[in-house]
Amino acid sequence: MSNGQLPSKQLILCDCLGSQSIDKETIEAATGLPCSPVHNALCTRQIDIAMAAIKDDGAVIACQQESARFTDLAYEIDAKTPDFVDLRDRAGWSDDAASKSPKMAALVAAALLPNPDPKVRDVTSEGICLIIGPGDVVFDVAHRLSDMLSLTVLLTDDTDPPVTASFDVIKGRLGKVTGTLGRFDLRIDALQEVNPGGRGAVTFTDPQDNAASQCDIILDLSGQPPLFSAYEKRDGYVRADPKHAPAVAEAMLEASQLTGTFEKPLYVRFEAALCAHSRAEKPACSNCLDVCPTGAITSAGDHVTIDPMICAGCGACASLCPSGAVSYDAPPPDHVFRRLHTLADVYRKAGGINPRLLVHDDTHGHEMMLLAARFGRGLPADVIPLDVSALASFGHAEMLAAFGAGFASVEILLAPKSDVTTLQREVELAVAIADRPARLLDVTDPDQLTDALYTSAPITAHPEPILPMGTRRQVTRTAAKSLRGEQVIALPDTAPYGAVIVDTDACTLCLSCVSLCPSGALADNDDLPQLRFQEDACLQCGLCANICPEKAITLEPRLNLNSSALTQVVLNEEEPFACVECGSLFGVKSTIEKITEKLAGNHAMFANPDAARMIQMCDNCRIQAQYHSENNPFAAGERPKVRTTDDYLSKRKDH
């Protein structure tokens, strides 16, 4: 790490009133980062020391709990905000008697890796809000919000509306609703608007169907099923139980704050050219469509399309995409690979052995570790935590990268709303490939977490770590080969790696599969009737099996780590047919012979021996033979004589 750190950086250490032991020399030696003396109360009575370090710029303060205090201090003295790394809760506060210094050094090194700039898009909301619900609830809410939002109330009952100009009132049946914050599109049937004139009780216009409207915010107090799947992930859609006053008040507050310009993170990157969703209207991969909770992914012919404004960033699509067409981008996979390598590498340099990786999200998992450290046993000294923004984005490739980098095991701490199905599928695939332990920890109590970690059986890490680089498929293959050597590994049916098995008796070498293979794993030979296959490129999308007219193709999920998987092999081949006119090779001999046998003399078009003989000709010879044949439908008769000037002059003399 010494060649990757800026010399102006300095780690400012504090033992938090003597509650943890910090080995300054070990951290310096492993990271190459200069360290301050170990302070005792940096956030209180030694705040002047922190101020001096922040003034010099380049300070990295080893305390996450008081980051807000030190950030405010930097603002007050007009200095750069320091970096922070949490050593106490993740390492220092632990009942494990083993040294925590290797883990501390690893955490410091990983925290100093440059973070890629997040990709965002501006979303503007002008505060146009639709409130849905019964009159006894929504009218009071509308009165309270009318000074902050531009409101329309969609009544779901027959309550008489108030006479007011503060908001609009309509009735109707809400049909299709699409969009997100700043751009909801609505379809309303039986729409009735308030008549602005007249005396007495408020009346409504006659109902109209298929009315279209737009709004920026939807406040749903109807008590009916939500308008969207995974509605809690839909920006701009606020929902509450109308019978629960505190929930309604909280929803009002949330809706009132949804006016202005917001930054929407762009969680995934999509390359349509790599997508293996479909070809020629034949279905293939639908992993991302099946797993997307918000409906942000839809079919668009040969590929899918992703609405980045609806995407909530769960990351499951990126983990399950076999081709890499969808990749998580917040942060991208290569940044995760660098973090894994840095954590394992620096841990070993500091004297640690057999580290275990604990993957967690930055909300629930983070809170669990804080509570376990403060009130429980804390994490074992060999358990290195890795926080990720989306748990489901940590798929089998990332687990293989961790094993290849030198982690002995991988454990993923589930959050209450984690996509367990996707994570379990990826864990099973990683275990099948690496033959190393990986598991999901479904615990909600900090003591249960520490009990599970302290009672795990010891595992020996891979003795020859690799540097995980490249795409997710490349990292998977590199790590697997390092862990297992050259062999063929059987995989679950859902694996994105495998072979194509061809029934040579049924295959006619029509090559439909070749023309539609989205990854180029299947290929032909320009000179010979051959079906060729390169296994490492196969996505197991199933398109070849779906398109084959003879049903001659089946798939075999496996990971072939032999060098043969990187080259083309022949799955089926036959002798070519020689043109009866010029002798050039074309087509498949058995197929030409079968066609000749079935058509010659048995079909009106081929009753003539000369016509039947054309079946056995190459394209050029067939065209020539057809042109010169008798009764040729393309013949235009004898070409007329070209007229010259003499012809025109002689015609004048005649007249």
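Being a predicted model, the structure only gives us computed values, none of them experimental.

What follows is about the environment of Gln208. When you line up the elements, Gln208 lands in the loop between β8 (184-193) and β9 (211-215). Between the C-alpha atoms of Gln208 and Gln192, which are 16 residues apart in sequence, the distance is 6.9 Å. Each residue touching Gln208, except ones within four places of it in the same chain, is listed here: Ile188, Asp189, Ala190 and Leu191.

We now examine the packing of aromatic side chains. Within this structure, the stated rule accounts for five aromatic pairs. Centroid distance Phe70 to Phe84: 6.5 Å. Interplanar angle 25°. Geometry classified as stacked. One end of the pair, Phe70, is in helix α3 (residues 67-76); the other, Phe84, is in strand β3 (residues 83-84), and 14 residues separate them in sequence. For the pair shown, Phe70 and Phe84 are each scored as buried. For the ring pair Tyr231 and Tyr237, a centre distance of 6.3 Å and an interplane angle of 85° mean the geometry is edge-to-face. Residue Tyr231 is classed as partly exposed on the basis of its relative accessible area of 29%. One aromatic cluster is present, formed by Phe184, Phe228, Tyr231 and Tyr237 through successive ring pairs. Above the ring of Trp93, the side-chain terminus of Arg88 is found at 4.0 Å from the ring centroid. Over the aromatic face of Tyr231 sits the side chain of Arg239, whose NZ or CZ is 5.1 Å from the ring centroid.

This paragraph deals with the sheet that holds strand β21 (residues 409-413). Taking strand neighbours across the sheet as the criterion, the four strands line up as β20-β19-β21-β22 in an open arrangement whose pairing is parallel. The sheet is open, and its two edges are formed by β20 (383-388) and β22 (438-441), each paired on a single side. Across this sheet, the average inter-strand angle for adjacent strands is 25°, counted without regard to direction. Of the pairings in the sheet, the one linking strand β19 (residues 356-361) to β21 comprises four bridges and is parallel in character.

In this section: the packing of helix α2 (residues 47-55) against α3. Two numbers describe how α2 lies on α3: the axes approach to 10 Å, and their chain directions differ by 60°. Viewed along their axes, α2 and α3 adopt a mutual orientation that is oblique. The handedness of the crossing between α2 and α3 comes out as right-handed. The residues of α3 that touch α2, namely those facing Ile47, Ala50, Met51 and Ile54, are Arg69, Phe70, Leu73 and Ala74. Classifying every residue of the contact of α2 with α3 by side-chain character gives seven nonpolar, no polar and one charged.

Below, the discussion takes up the pattern of salt bridges. All chains considered together, the criterion is met by 22 salt bridges. For the salt bridge of Arg356 with Asp382, the shortest nitrogen-to-oxygen distance reads 3.0 Å. Taken together, the positions of Arg356 in strand β19 and Asp382 in the loop between α11 (364-375) and β20 put the pair 26 residues apart, joining distant regions of the chain. Note that Glu581 and Arg613 form a salt bridge whose closest N and O atoms lie 2.5 Å from each other. Pair noted here: Glu581 is in the loop between β29 (576-578) and β30 (585-588) and Arg613 is in helix α19 (residues 609-613), with a separation of 32 residues, a long-range link.

Conventions adopted
- Residues numbered from 1 in each chain as written.
- Predicted model: local features only at pLDDT ≥ 70, side-chain atom pairs only at ≥ 80, totals over all residues.
- Heavy atoms only, no water.
- Helix = DSSP H or I, 4+ residues; strand = E, 2+ residues; numbered from the N terminus.
- Contact = heavy atoms within 4.5 Å.
- Phe/Tyr/Trp six-rings, centres within 6.5 Å; stacked < 30°, edge-to-face > 60°.
- Buried < 20%, exposed > 50% of the residue type's maximum accessible area, 1.4 Å probe, protein only.
- Lys NZ or Arg CZ within 6 Å of the ring centre and 35° of its normal.
- Pairing = 2+ DSSP bridges.
- Axes fitted to C-alpha atoms, helices over the stretch in contact; angles between N-to-C directions.
- Parallel < 35°, antiparallel > 145°, perpendicular 65-115°, else oblique.
- Left-handed = near helix turned anticlockwise from the far one by under 90°.
- Nonpolar A, V, L, I, M, F, W, Y, C, P; charged D, E, K, R; others polar.
- Salt bridge = Lys/Arg side-chain N within 4 Å of Asp/Glu carboxyl O.

None of the figures reported here should be taken as evidence of function without further support.
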